[in-house]
Amino acid sequence: MMNKLSRSQFLQTSIMLFGLFFGAGNLIFPPLLGNQAGSQTWLALVSFAVTAVIFPVLGTIVVGKSEGLSQLANRVGPKFSIIVTTAIYLSIGPGLGIPRAGSVPFEMAVAPYIPEAMSLGLARLLYTLVFFALALWLCLKPNQLVKRVGKYLTPMLLLMIALMFVRVMFMPKGVAEPVDAYAASPVVQGFLEGYNTMDAVAALNFGFVISMAIRRFGVQDKHEVAKYTMKSGLLAGLVLFLVYAMLAAIGMVSSQKLAGADNGAFILTQAVQASLGNFGLVFLAGIFTLACLTTCVGLITSGAEYFKQLFKDKLSYRAWVFIWTGFSFLVANFGLNNLLAFSVPVLTVIYPVALVLILMGISQDVFNFGSLSYLVAATVSVALPLVDMLQTTFNVSLPVLSSLVDYLPLSSQGLGWLVPTLVALLISLACEKVLLPHYASSPANEWTR
């Protein structure tokens, strides 16, 4: 049985991982960063890459190493694993990511150019019908996923982005001074913009897709799978950063002409129309569609595989693909705003604990965390965002806790959970090593061996 990937298989797997990550949000955040950061674009881009590139890559590596998100979350506890893993798959899948992947390219790159005589709802229905039919076809044969996404769709997307970049670079340039938050602190704002991509959560899904793809090539040894997952993540991260740099440069060189722009899609639309004429609008619509399609495929595939295992094969993988795709198609046309009102707050609660699990998982061999550390860190990183979400989204204040959260360091940036979680983790780790040494041999440490 084959236990090594060929160079072609490895490259296709890595490029597929890039394609899974790179959706509509990844396409529009960097141009807006370049527009607003202006002359400080490259400094802001480096900090942006910490949360938009490094964390997703680490998430992919951790999931590959721990053999799945469920196993990683299980270090906190079985019930926690089921609740959090299911919430992640649902919120970033049919509850948010998949329906939005179908509707965003239409809204941003197609809807503005629909003739007034044509019904916008009908146009959206037709577009999303084709979009989700194609996604369904791609997902139904997971054995062909690497070839279809990594060999054809994503390279096509990369080529189109590169052509757009080169063409825009030949246009007259004008770089403005940084504005708004980028003027005060480009490093902090770049970091927060990367945080807003929420790709670290997506990595917990996509790491599983990549490890499964590697196994389908015949690599069954878990250490080899983990090694190839890590290498694929690193290469995908490098490509992701290079693409972010190109998109940020487009925003930067047009920042004088497009001063005051507040939307990355608008910046790209103006840039490609100026450089490619009306054809540029069609070209950009193709870029948006391909970017969202590859991400959508990854979310459907990972979700279908997870729920097939969760319900112990009561429904087949193909059945779950049909369920997720069909539900997402309906939501994209008839209930996206209502669903987003629920899913986005849930995702803001889940995201911090996802980052915590990633960091603890990647450093497990160094610090040898026990079950107490995982339990304490997870509890704090879920509880504080939950209190903040209840107050800001649903106007529900909890006695003492709501006021306390407001005074936490970095709370105004949405990172109030960060310092308390770090402190709680250090205290629990010290307790494990000094006061409760039996935790050092807890199951949390056995899962990484």
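Residues numbered from 1 in each chain as written. Predicted model: local features only at pLDDT ≥ 70, side-chain atom pairs only at ≥ 80, totals over all residues. Heavy atoms only, no water.

A.B. asks: In this structure, what is going on with the pattern of salt bridges? I would like to understand it.
C.D. replies: A side chain with one charge can pair with a side chain of the opposite charge if their charged atoms come near. Applying the stated criterion to the full structure yields six salt bridges. For the salt bridge of glutamate 224 with lysine 4, the shortest nitrogen-to-oxygen distance reads 3.4 Å. Remark: lysine 4 occurs in the segment before helix H1 (7-21) and glutamate 224 occurs in helix H12 (residues 222-253); sequence separation between them is 220 residues. Among the ionic contacts, a cluster of salt bridges with common partners joins Lys4, Glu224 and Lys227. (Salt bridge = Lys/Arg side-chain N within 4 Å of Asp/Glu carboxyl O. Helix = DSSP H or I, 4+ residues; strand = E, 2+ residues; numbered from the N terminus.)

A.B. asks: Help me understand H12 in this model?
C.D. replies: Counting along an α-helix, one turn takes 3.6 residues, and residues three or four places apart therefore face a common direction. With 32 residues, H12 should reach 46 Å at 1.5 Å per residue; the first-to-last C-alpha distance of 46 Å fits that figure. With a side-chain oxygen lying 3.1 Å from the backbone nitrogen of histidine 223, the N-terminal cap of H12 falls on aspartate 221. (Expected span 1.5 Å × (residues − 1). Polar contact = N/O pair within 3.5 Å; in protein donor to acceptor, adjacent residues only side chain to side chain.)

A.B. asks: Honestly, the packing of helix H3 (residues 41-66) against H12 in this entry has me stumped. Any pointers?
C.D. replies: Any two packed helices are characterised by the angle at which their axes cross and by the distance between the axes. Look at H3 against H12: their axes get within 9 Å of each other, and the N-to-C directions meet at 160°. Our classification of the angle between H3 and H12 gives roughly antiparallel. For the pair H3 and H12, the crossing hand works out as right-handed. Residue classes in the contact of H3 with H12 are distributed as 18 nonpolar, six polar and one charged. (Axes fitted to C-alpha atoms, helices over the stretch in contact; angles between N-to-C directions. Parallel < 35°, antiparallel > 145°, perpendicular 65-115°, else oblique. Left-handed = near helix turned anticlockwise from the far one by under 90°. Nonpolar A, V, L, I, M, F, W, Y, C, P; charged D, E, K, R; others polar.)

A.B. asks: So what exactly am I meant to see when it comes to the packing of aromatic side chains here?
C.D. replies: Within a pair of aromatic rings, the relevant descriptors are the distance that separates the centres and the angle that separates the planes. Counting across every chain of the model gives 18 aromatic pairs. An angle of 20° between the planes, with centres 5.3 Å apart, marks the rings of phenylalanine 18 and phenylalanine 22 as stacked. By the burial criterion, phenylalanine 18 is buried, and phenylalanine 22 matches it. Relative to phenylalanine 329, the ring of phenylalanine 132 has its centre 6.3 Å away and its plane inclined at 75°; by these criteria the two rings are edge-to-face. Note that phenylalanine 132 is positioned in helix H7 (residues 120-139) and phenylalanine 329 in helix H15 (residues 317-334), a separation of 197 residues in sequence. By the burial criterion, phenylalanine 132 is buried, and phenylalanine 329 matches it. Chaining the aromatic ring pairs together yields one cluster made of Tyr89, Tyr306, Phe307, Phe311, Trp320 and Trp324. Over the face of the ring belonging to tryptophan 137 we find arginine 148, whose NZ or CZ atom lies 4.0 Å from the ring centre. Its guanidinium or amino end placed over the ring of tyrosine 228, lysine 227 lies 5.3 Å from that ring's centre, counting from NZ or CZ. (Phe/Tyr/Trp six-rings, centres within 6.5 Å; stacked < 30°, edge-to-face > 60°. Buried < 20%, exposed > 50% of the residue type's maximum accessible area, 1.4 Å probe, protein only. Lys NZ or Arg CZ within 6 Å of the ring centre and 35° of its normal.)

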